[in-house]
Amino acid sequence: MLLITHIVITLGSVAWATFAFFRPTQLKLLTSYGLIAFTLVSGTYLILTLHVNILRVCLSGLAYTVAVLYMTVLAQ
């Protein structure tokens, strides 16, 4: 169940950062940062509990974080 929640938060975060990029407001930016934080926390928890290949997961997480943070920072 947490994996599905993590995926939904991640996809929502990408969509919200894109939305905030085109129509930035302070609330949208704060929400985007919050979604990024929730994604990183849930991903870390999944890594610790499922004992997955950390190199592959961290590369995916790093790519996600860089892309979404880049869009959010540019929106500022």
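Residues numbered from 1 in each chain as written. Predicted model: local features only at pLDDT ≥ 70, side-chain atom pairs only at ≥ 80, totals over all residues. Heavy atoms only, no water.

*Asks:* Lay out the side chain of His6 in plain terms, naming residues and giving numbers.
*Replies:* Mapped onto the elements, His6 comes out in helix H1 (residues 2-22). Here His6 falls in the buried class, since its relative accessible area comes to 16%. Setting aside chain neighbours within four positions, we find His6 in contact with Thr39, Ser42, Gly43 and Leu46. (Helix = DSSP H or I, 4+ residues; strand = E, 2+ residues; numbered from the N terminus. Buried < 20%, exposed > 50% of the residue type's maximum accessible area, 1.4 Å probe, protein only. Contact = heavy atoms within 4.5 Å.)

*Asks:* Break down helix H3 (residues 54-75) for me, with residues and values.
*Replies:* In an α-helix there are 3.6 residues to a turn, and that puts residues three or four apart on one side. With 22 residues, H3 should reach 32 Å at 1.5 Å per residue; the first-to-last C-alpha distance of 31 Å fits that figure. The set of residues buried in H3 consists of Tyr64, Thr65, Val68, Thr72 and Ala75. For H3, the arc enclosing every buried residue in end-on projection is 100°, short of the 170-degree limit, so these residues lie on one face. H3 presents Leu55, Arg56, Leu59, Leu62, Val66 and Tyr70 as exposed residues on the side facing more than 90 degrees away from its buried surface. (Expected span 1.5 Å × (residues − 1). Arc of directions from axis to C-beta.)

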